[in-house]
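Descriptive structure summary
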Amino acid sequence: MTISSVGVNGSVQNVTDVPVCTHAEAGHLSQEEYERVLAVLETLQGDDWQQPTYCTEWTVRDMVAHLAGSVTGSTSFAEFKRQNVSHPYLKQYANPVDGTNKLQIEDRANKVTSELVAEFRQSGQTAVQNRQKLPWIVRKIHLPMGELGFSSFEYLMDIIYPRDQWMHRYDICAATGKKMIVTPQHDGRIIALVLLDINKKLKKQLHHCTILLELTGPLTAVYQFGNETTPDCTISMDVFDFNLRASGRISMEEVVQRTAVLGDQMIADWFLQNMQVSY
């Protein structure tokens, strides 16, 4: 994979000071991510489609089928319901999302790769527009959403969907050696919203410790969890390794090998062990 980096952000910021994402901002992030994913998909050819990915049960083709299915799921309420509520695999998996993913891939088993890209191109733009047009009262509805817990449509549409696309863009670039374009304004913001979710998940335990997380690589930043002046530990890791671990794509053993720790190793290990959130 080639990485094209535009700018860095090396400032220190407490995670609690990261601004929440507004619905308007989510629309801009979703539009930009849709365009970046589409640009990568349009470069795929030949053996690219059969390459294995960090989602170990999926090839690149499977992943693109999921991406196409996911955006098509936002083109109408009927399709969203079919994919997420009334599909035949609803009770087959502990995590209902796994059933949705299986349906999306099966639905597209007979499509040629150019049809998958075309579907993503067409449905992806419609999905961005439909999510932005959702009425406020609908966005605020909370429903059980598997590993997302009792979450709002707004959180699913505004935060998780563009994050999922961003992570799969990296998956595909890593699998095929394609260029991964990253910028602080877009990619850095998506990653900051991941940090907000980690802080929300671990905030009770973080009352007792302070951690500095130094992200390195094509995007650089230092974030602080906790409020003490002197941190218990500093964790330094590549920005993509951070997302691979936060999304559950690499194991604790793998992330420890890729991470440098200064200070309390036990606290660092606790953080690395428990930092997974929804993607």
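Basis of the calculations
- Residues numbered from 1 in each chain as written.
- Predicted model: local features only at pLDDT ≥ 70, side-chain atom pairs only at ≥ 80, totals over all residues.
- Heavy atoms only, no water.
- Pairing = 2+ DSSP bridges.
- Helix = DSSP H or I, 4+ residues; strand = E, 2+ residues; numbered from the N terminus.
- Axes fitted to C-alpha atoms, helices over the stretch in contact; angles between N-to-C directions.
- Contact = heavy atoms within 4.5 Å.
- Buried < 20%, exposed > 50% of the residue type's maximum accessible area, 1.4 Å probe, protein only.
- Arc of directions from axis to C-beta.
- Polar contact = N/O pair within 3.5 Å; in protein donor to acceptor, adjacent residues only side chain to side chain.
- Core = buried A, V, L, I, M, F, W, Y, C linked by side-chain atoms within 4.5 Å.
- Phe/Tyr/Trp six-rings, centres within 6.5 Å; stacked < 30°, edge-to-face > 60°.

Focus on the sheet that holds strand 7 (residues 221-225)
Pairing is mixed in the open sheet, where five strands are placed in the order 2-7-6-8-9. The open sheet has two free edges, formed respectively by strand 2 (12-14) and strand 9 (260-263), since each of these has just one partner strand. Each strand axis lies, on average, 20° off the axis of its neighbour in the sheet, ignoring direction. Of the pairings in the sheet, the one linking strand 8 (residues 233-238) to strand 9 comprises four bridges and is antiparallel in character. The residue of strand 9 that forms the bridge with Ser236 is Ala260. Sitting on the sheet, helix 9 (residues 239-246) touches strand 6 (211-216) and strand 8, and the angle it makes with strand 8 is about 100°. Contacts from helix 11 (residues 265-274) reach strand 6, strand 7, strand 8 and strand 9 within the one sheet, and its direction differs from that of strand 8 by about 45°.

Focus: helix 11
Where helix 11 is concerned, the buried positions are Ile267, Ala268, Phe271 and Leu272. Projection of helix 11 onto a plane perpendicular to its axis shows the buried side chains occupying an angular sector of 135°, all on one side. Of the residues flanking the start of helix 11, the one acting as N-cap is Asp264, its side-chain oxygen 3.0 Å from the backbone nitrogen of Met266.

Side note on the nonpolar core
Generally speaking, a soluble globular protein has its nonpolar side chains buried in company with each other. Ranked by size, the top nonpolar core spans 71 residues in total, and within it Ile172, Ile198, Ile211, Phe225, Ile235, Phe242 and Phe271 carry the most contacts. Here this core takes nine residues from helix 8 (residues 184-202), the largest share from any one element. Ignoring anything within four residues of it in the chain, the contact list for Ile211 reads Leu206, Tyr223, Gln224, Phe225, Cys233, Ile235, Ile267, Trp270 and Phe271. Core analysis: the next-biggest nonpolar cluster, separate from the first, contains six residues, Phe80, Phe153, Met157 and Ile160 among them.

Comments concerning the packing of aromatic side chains
Two aromatic rings are characterised by how far apart their centres lie and by the angle between their planes. Taken as a whole, this structure holds six aromatic pairs when the rule is applied. Centre to centre, the rings of Tyr34 and Phe120 are 5.6 Å apart; their planes meet at 35°, and the pair counts as tilted. Pair noted here: Tyr34 is in helix 1 (residues 23-41) and Phe120 is in helix 5 (residues 113-133), with a separation of 86 residues, a long-range link. The residues Tyr34 and Phe120 share a single accessibility class, namely buried. Summarising the aromatic geometry, the rings of Tyr170 and Phe240 are spaced 4.5 Å apart at their centres and angled 15° between planes, so their arrangement reads as stacked. With Tyr170 in helix 7 (residues 153-176) and Phe240 in helix 9, this pair connects stretches of sequence that are 70 residues apart. With respect to burial, Tyr170 and Phe240 carry one shared label: buried. Three or more aromatic residues link up through ring pairs in this structure, and these residues are Tyr54, Trp166, Tyr170 and Phe240.

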